[in-house]
Amino acid sequence: MTVLKPQAASLDGRQPGRKPTIGLALGGGGARGLAHVAMIEAFDELGIKPDVIAGTSIGAVYGAAYASGMSGRDLRDHTRFILSQRFGLIRDLFTKTAQPFQRLLSVFGARNAILDPFTVLDVILPKEVKETFADCKIPLKVVASDFYDQEPKVFTEGPLRTAIAASMALPVLFQPVVHDGRALIDGGLTNPLPFDLLLPETDIVVAIDVSGSPVADGKRVAPTAFAALFSSAFLFEHTIVKEKLRAKQPDIFIRAGTSNFQVLDFLKCDDILAAAQPAKERLKQQLARVLSVETLPVLEDAEPIQKMIAAPRRPKRRLLPRPRKRPEPE
């Protein structure tokens, strides 16, 4: 029979034990998701890494890079370089003087969307991103949506670029990704903040919400057709996140503080990262507090991984009570 192994109390009165496992969920939200860089930096500055990552859309892009071994500083430098030097035609798309749809369609040869997601990934992904899920240094889950089944598709194996391309394939803007006979589109349409994928297997779940909501233009009441087209999907995603939080909550929930930015404001990278700084500090404070409160007990004669896998899973010991109320909007 497995029993708890007696341990000598530490100086602060706590029992030593194994380090709690941490799951990190990175949500979708267009340009607001650039704030994920700051949240990854928070982990780096505390000297910790998550044990598993789940990402949707732009959260899948940064989640894949982080899981591949890149640091927050690496990601900040790469993001600023890409958005300032090499965005080319895609850069023009995200400015107020975006090229007409027909010109873009003629360049990319697409009839059902503006951009090919694989073409975009060739431009924006760091060379350090691994080829497959198996190559990643941190286990990764990437969420896409099955267009016809209207259900999430969770990738955990196979080519990494296919999963990321599918996860970020926002309709109209990106062509759907056809994989194993299925038409896959943006994961945010079914699971924009996939913290629920981490609840069963980790002790602490951290969720970073960058969904935001449309921001009014002081010069006009009605949104432009372009803004309405792309913001409507993210408004839908924001609603999904709120409903998910009614049913279950992560241990640490952080809104990135980037709601004042539009979903296509990629050229405001420095402003978005600056706006995310207070959220980064909140994340560091909450992580430090949770990890200092207690650790999980060590099992006598248990080999680190094999025994935990073989033994029947006990109900997960929560390190913090789930919040009873929905977080207040920003």
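Residues numbered from 1 in each chain as written. Predicted model: local features only at pLDDT ≥ 70, side-chain atom pairs only at ≥ 80, totals over all residues. Heavy atoms only, no water.

With that settled, consider the overall build of the protein chain. When helices and strands are counted, the protein chain shows 11 helices and 8 strands. The burial tally for the protein chain puts 48% of its 330 residues in the buried class. For the protein chain, restricting intrachain contacts to residue pairs at least 6 apart in sequence, the fraction spanning at least 24 positions comes to 78%. Carbon together with sulfur atoms contributes 55% to the accessible area of the protein chain, which is approximately 16,500 Å² in total. (Helix = DSSP H or I, 4+ residues; strand = E, 2+ residues; numbered from the N terminus. Buried < 20%, exposed > 50% of the residue type's maximum accessible area, 1.4 Å probe, protein only. Contact = heavy atoms within 4.5 Å. Areas by Shrake-Rupley, 256 points an atom, 1.4 Å probe, with all protein chains shown as cover.)

We now examine unusual backbone geometry. Of note, S57 is a non-glycine position whose phi angle comes to about 55 degrees, a positive value. Tracing the sequence through the fold places S57 in the loop between β2 (52-56) and α2 (58-67). Among the residues examined, S57 registers a relative accessible area of 8% and is labelled buried. Of note, the phi angle at Q150 is positive, near 55 degrees, even though the residue is not glycine. Tracing the sequence through the fold places Q150 in the loop between β3 (140-146) and β4 (151-155).

It is the contact of helix α1 (residues 36-46) with α2, at a shortest axis distance of 10 Å, that shows an interaxial angle of 30 degrees. Compared by their axis directions, α1 and α2 come out roughly parallel. The way α1 lies across α2 gives a crossing that is right-handed. Of α2, the residues touching α1 (which contributes H36, V37, I40, F43 and D44) are I58, G59, Y62 and Y66. Broken down by class, the residue content of the contact of α1 with α2 amounts to 6 nonpolar, 2 polar and 1 charged. (Axes fitted to C-alpha atoms, helices over the stretch in contact; angles between N-to-C directions. Parallel < 35°, antiparallel > 145°, perpendicular 65-115°, else oblique. Left-handed = near helix turned anticlockwise from the far one by under 90°. Nonpolar A, V, L, I, M, F, W, Y, C, P; charged D, E, K, R; others polar.)

Time to look at the nonpolar core. In terms of nonpolar packing, the biggest core is built from 70 residues, with M39, F43, V206, I208 and L283 touching the most fellow members. The greatest single-element share of this core, amounting to 8 residues, is contributed by α2. Apart from the residues lying within four places of it in its own chain, the contact partners of F43 are I22, L24, I48, K49, P50, Y66, V206, L283 and L287. In this structure, A25, V52, V205 and V241 belong to the second largest nonpolar core, which totals 12 residues. (Core = buried A, V, L, I, M, F, W, Y, C linked by side-chain atoms within 4.5 Å.)

So, on to the side chain of S57. At a separation of 3.3 Å, a polar atom in the side chain of S57 contacts the side chain of D186. With near-sequence residues (within four places) excluded, S57 lies in contact with G28, S167, M168 and D186. (Polar contact = N/O pair within 3.5 Å; in protein donor to acceptor, adjacent residues only side chain to side chain.)

You can see S259 is positioned in the loop between β8 (252-255) and α9 (269-275). Judged by its relative accessible area of 18%, S259 is buried. Each C-alpha atom, one on S259 and one on R32, is 7.3 Å from the other, the two residues being 227 residues apart in sequence.

Along an α-helix, residues three or four apart share an orientation, since each turn contains 3.6 residues. Counting buried positions along α2 yields 10 of 10 residues, so the element is predominantly enclosed. By the burial criterion, the buried members of α2 are I58, G59, A60, V61, Y62, G63, A64, A65, Y66 and A67. In this fold, the buried residues of α2 make contact with β1 (22-26), α1, β2, α3 (72-85), β3 and α7 (160-167). Residue G69 follows α2 closely and has a positive phi angle near 115 degrees.

Tallied over the entire structure, the rule returns 1 aromatic pair. Over the ring of F155 we find K153, and its NZ or CZ is 5.0 Å from the ring centre. Looking at K244, its charged tip hangs above the ring of F195, at a distance of 4.5 Å from the centre. (Phe/Tyr/Trp six-rings, centres within 6.5 Å; stacked < 30°, edge-to-face > 60°. Lys NZ or Arg CZ within 6 Å of the ring centre and 35° of its normal.)

This paragraph deals with the confidence of the model for the protein chain. Chain-level statistics for the protein chain give a pLDDT mean of 79 and a share of 68% at 70 or above. Considering only residues more than four positions removed or in separate chains, one finds that residues 1-15, a stretch of pLDDT under 50, has 21 contacts. Ignoring residues within four places in sequence, the model shows residues 298-317, a span with pLDDT below 50, making 29 contacts including any to other chains. (pLDDT = per-residue confidence, 0-100.)

Moving on: the packing of α2 against α7. Taken N-terminus to C-terminus, the directions of α2 and α7 make an angle of 155 degrees; their axes are 8 Å apart at the nearest point. Taken together, the axis directions place α2 and α7 in an arrangement best described as roughly antiparallel. As for the relative orientation of α2 and α7, their crossing is left-handed in sense. Every residue of α7 that contacts α2 at A60, V61 and A64 is listed here: L160, I164 and S167. Of the residues contributing to the contact of α2 with α7, the split by class is 5 nonpolar, 1 polar and no charged.

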